[in-house]
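# Summary of structural features
So the chains spell out like this:
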Amino acid sequence: MQQLQRPKFMNLALLGLKMSTTAKCSILHRITGLILFLSVPLLLYVLNRSLVSASFYQVLYGFCSSGIMKVGYILLIFAFIYHLIAGIRFLFLDFHKGISLNQAKLTAKIVIIVSIILTAILGVLIW
Amino acid sequence: MVNRPVTGAHYGIISWLQQRVTAVIMLVITILFVASIAFIASQVDSSIVSWQKLFHHTIVKVVMQLFFLALLLHAWVGVRDIWMDYIKCNIIKLGLYVLTIVWLLLSLMYSVKVLWI
């Protein structure tokens, strides 16, 4: 079989590629997954400290009062919630529910809105 | 199938299913967990101690351990897909696979320590 040298399109979203809502939904799902994957040990460490010491509560409050840490865990909460909600959307797609283009675009929007709302609720509760 | 690269694609219905099943397992556990926390937080005398007491029950430890095992399998398929999609060189891809698995296994060991010891 001949190997044809076809011109390849260096497709990086970084190059300002126009993405549809569903495309953004999908790549954000992957990115949040990666973020969660990288933060598993950290979350386990936090869980460990919370179970081990009674004074950890104070430490946690002190830790999380700085602006950067607050932004950090809001981001983590968003990553988890978004990944979960978008994941449910993908499960529906696996069962062929919401396959048509219009439906898919709508559900993608719903995912983002619901995620932001839930993150806002949890963020406010924890702030 | 003889020259199939170890880091290849186009087979993997088991992995696909694994990812879905573990996702549902984690979803159910998440809902149960959030409900428990909400219940505890609504008690008048709740504190860090009531949170710690939650993890004294064996059923909680066992279910959370299941969560972390499901997380390992789920994250493995997800991150492997990322390497598979973007890394062309098989040797580097294999190296990243190994690093990913080690990262996840270490996390699993750590979760055992956190929950049981």
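Please refer to the structure placed before this passage.
Quick caveat: nothing in here was measured; it's all calculated off a predicted structure.

What follows covers the pattern of salt bridges. Overall, the coordinates contain 3 salt bridges over all chains when judged by the stated rule. Where A:Asp94 meets B:Arg20, a salt bridge forms, and the shortest distance between an N and an O atom there is 2.5 Å. One end of the pair, A:Asp94, is in helix α3 (residues 67-94); the other, B:Arg20, is in helix α1 (residues 13-42), on a second chain. On the basis of relative accessibility, which here comes to 24%, the residue A:Asp94 falls in the partly exposed class. The closest approach of N and O atoms between B:Arg80 and B:Asp81, which form a salt bridge, is 2.8 Å.

Attention now goes to the environment of B:Lys88. Tracing the backbone shows B:Lys88 in the loop between α3 (58-86) and α4 (90-116). Taking the C-alpha atoms as reference points, B:Lys88 and B:Gln52, 36 residues apart in sequence, are found 47 Å from one another.

As a further point, take a nonpolar patch on the surface. A grouping of B:Ile13, B:Ile14, B:Trp16, B:Leu17 and B:Val21 is seen on the molecular surface, where their side chains present a nonpolar patch of about 520 Å² in accessible area. By secondary structure assignment, the location of B:Ile13 is in helix α1.

Right, let's talk about the environment of A:Ile77 for a bit. Among the secondary structure elements, A:Ile77 is positioned in helix α3. Taking the C-alpha atoms as reference, A:Ile77 lies 9.6 Å from A:Leu36; in sequence the two are 41 residues apart.

Here we come to the side chain of B:Thr30. Along the chain, B:Thr30 turns up in helix α1. Using a relative accessible area of 15% as the deciding quantity, one classes B:Thr30 as buried. Apart from the residues within four sequence positions on either side, B:Thr30 is in contact with A:Phe80, A:Leu84 and B:Phe67.

Taken residue by residue, the interface counts 26 residues in chain B and 23 residues in chain A. Here chain B and chain A share an interface that buries about 2,300 Å² over both sides, 73% of which is from carbon and sulfur atoms. A salt bridge links A:Arg30 to B:Asp85, with the nearest nitrogen and oxygen atoms 2.7 Å apart. Our count for the chain B to chain A interface comes out at 6 residue pairs in polar contact (both at pLDDT 80 or more). The set of elements that each furnish at least two residues to the side of chain B that touches chain A consists of α1, α2 (48-54), α3 and α4 of chain B. The element contributing the most residues to the side of chain B that touches chain A is α3(B), with 9 residues. For the side of chain B that touches chain A, the residue count by class is 16 nonpolar, 6 polar and 4 charged.

About the criteria used
Residues numbered from 1 in each chain as written. Chains lettered and ligands numbered in written order. Predicted model: local features only at pLDDT ≥ 70, side-chain atom pairs only at ≥ 80, totals over all residues. Heavy atoms only, no water. Salt bridge = Lys/Arg side-chain N within 4 Å of Asp/Glu carboxyl O. Helix = DSSP H or I, 4+ residues; strand = E, 2+ residues; numbered from the N terminus. Buried < 20%, exposed > 50% of the residue type's maximum accessible area, 1.4 Å probe, protein only. Patch = residues over 30% accessible without salt bridge, like charges linked within 9 Å, V, L, I, M, F, W, Y side chains within 5 Å. Areas by Shrake-Rupley, 256 points an atom, 1.4 Å probe, with all protein chains shown as cover. Contact = heavy atoms within 4.5 Å. Buried area = accessible area lost by both parts, 1.4 Å probe. Polar contact = N/O pair within 3.5 Å; in protein donor to acceptor, adjacent residues only side chain to side chain. Nonpolar A, V, L, I, M, F, W, Y, C, P; charged D, E, K, R; others polar.

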